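Geometric and topological summary
So you can see what is in the structure, the chains are spelled out below.
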Amino acid sequence: MPANRIFCIGKNYAEHVAELVHLGHSPDGDCVVFMKPASCLVEEGQPIVLPRDRGAVHHEAELVIELTGGGRDIPEDEALDCVAGMTLGLDLTLRDLQTALKSNGKPWELAKAFDGSAPMGAVKPYLEQDLQDIRFTCHVNGQLRQQGHTRDMLFPVARQIHILSQTWALEPGDLLYTGTPKGVGPLVPGDEIVLSSPLLGEFAWSCA
Ligand code: ZN
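So, the pattern of salt bridges
One pass over the structure, following the stated rule, counts eight salt bridges. The salt bridge involving Asp-91 is made with Lys-36; its shortest N-O contact spans 2.7 Å. Linking Asp-91 in the loop between strand S6 (83-90) and strand S7 (93-94) with Lys-36 in strand S2 (residues 32-36), this pair joins segments that are 55 residues apart in sequence. Neither Asp-91 nor Lys-36 differs from the other in exposure class; each is buried. Measuring nitrogen to oxygen at the nearest pair gives 2.7 Å for the salt bridge that ties Arg-95 to Glu-60. Of this pair, Arg-95 sits in helix H2 (residues 95-103) while Glu-60 sits in the loop between strand S4 (57-59) and strand S5 (61-67), placing them 35 residues apart in sequence.

Thoughts on the pairing of strand S10 (residues 135-140)
Strand residues, when the strand is regular, have side chains that alternate between the two faces of the sheet. Relative to strand S11 (residues 143-149), S10 is paired through six bridges, and the arrangement is antiparallel. Within S11, the residue paired with His-139 across the bridge is Leu-144. Two successive antiparallel strands, S10 and S11, enclose a turn made up of two residues, where Asn-141 displays a positive phi of approximately 50 degrees. Relative to strand S14 (residues 192-197), S10 runs antiparallel, the two sharing four bridges. Across the sheet, residue Cys-138 finds its bridge partner in S14, namely Leu-195.

Rules used in this analysis
- Within each chain, residue numbers correspond to sequence positions counted from 1 in written order.
- The predicted nature of this model means local features are confined to residues of pLDDT at least 70 and side-chain atom pairs, given and counted, to a pLDDT of 80 or more, with totals for whole chains, interfaces and linings taken over all residues.
- Just so you know, side-chain values use all the structure's heavy atoms and leave hydrogens and water out.
- Whenever Lys or Arg places a side-chain nitrogen within 4 Å of a carboxyl oxygen from Asp or Glu, that contact is recorded as a salt bridge.
- To qualify as a helix, a DSSP run of H or I must reach at least 4 residues; to qualify as a strand, a run of E must reach at least 2; elements of each kind are numbered from the N terminus.
- Relative accessibility under 20% of the residue-type maximum defines a buried residue, over 50% an exposed one, and the middle range a partly exposed one, all with a 1.4 Å probe and only protein chains included.
- Strand pairing follows a simple DSSP-based rule, namely that at least 2 bridges must link the two strands.

Written out as structure tokens, the structure reads:
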């Protein structure tokens, strides 16, 4: 299915929210919704070209959901009917820039929606597997950086779809980055990133 819009959920794992507070972000007790254009996607095997001279670029490993569509006002208990597939991806973030934008009350696009900011693995069809029982890891140069379990989401996938559908008519090919667990950290050119999940497979990228 061709990619349409990329919706992203922020602040969806408590321990990651805690590490953001440690980085100077203020806690506000809610999830955050933001978007990236589909032109940000980086398929597996393509290089991730990191932005230069704009501060730290952090990896955020996330479960990514592909939607069949579904339209407006989808009840939470019907939301999983809109799931077409799933994979892993990276919500790359210019962290220093994001911190500055947030503290000035400005939007996040410059820090979140830059070219190359959405590496995404190949999509597996959704066959009613339990989306809240998916383990995944992010290794950088062989070192474990992030280890997540989707049962720890503050807003489960069905509720995220419900929330999005209150603002947007969901369309086929819409993608949903579902938030990152703790362990985010900087990437530098030459880094090798591997996202892995027993259910979803293994996906690798090199940073340039
Ligand atoms: Zn994220």
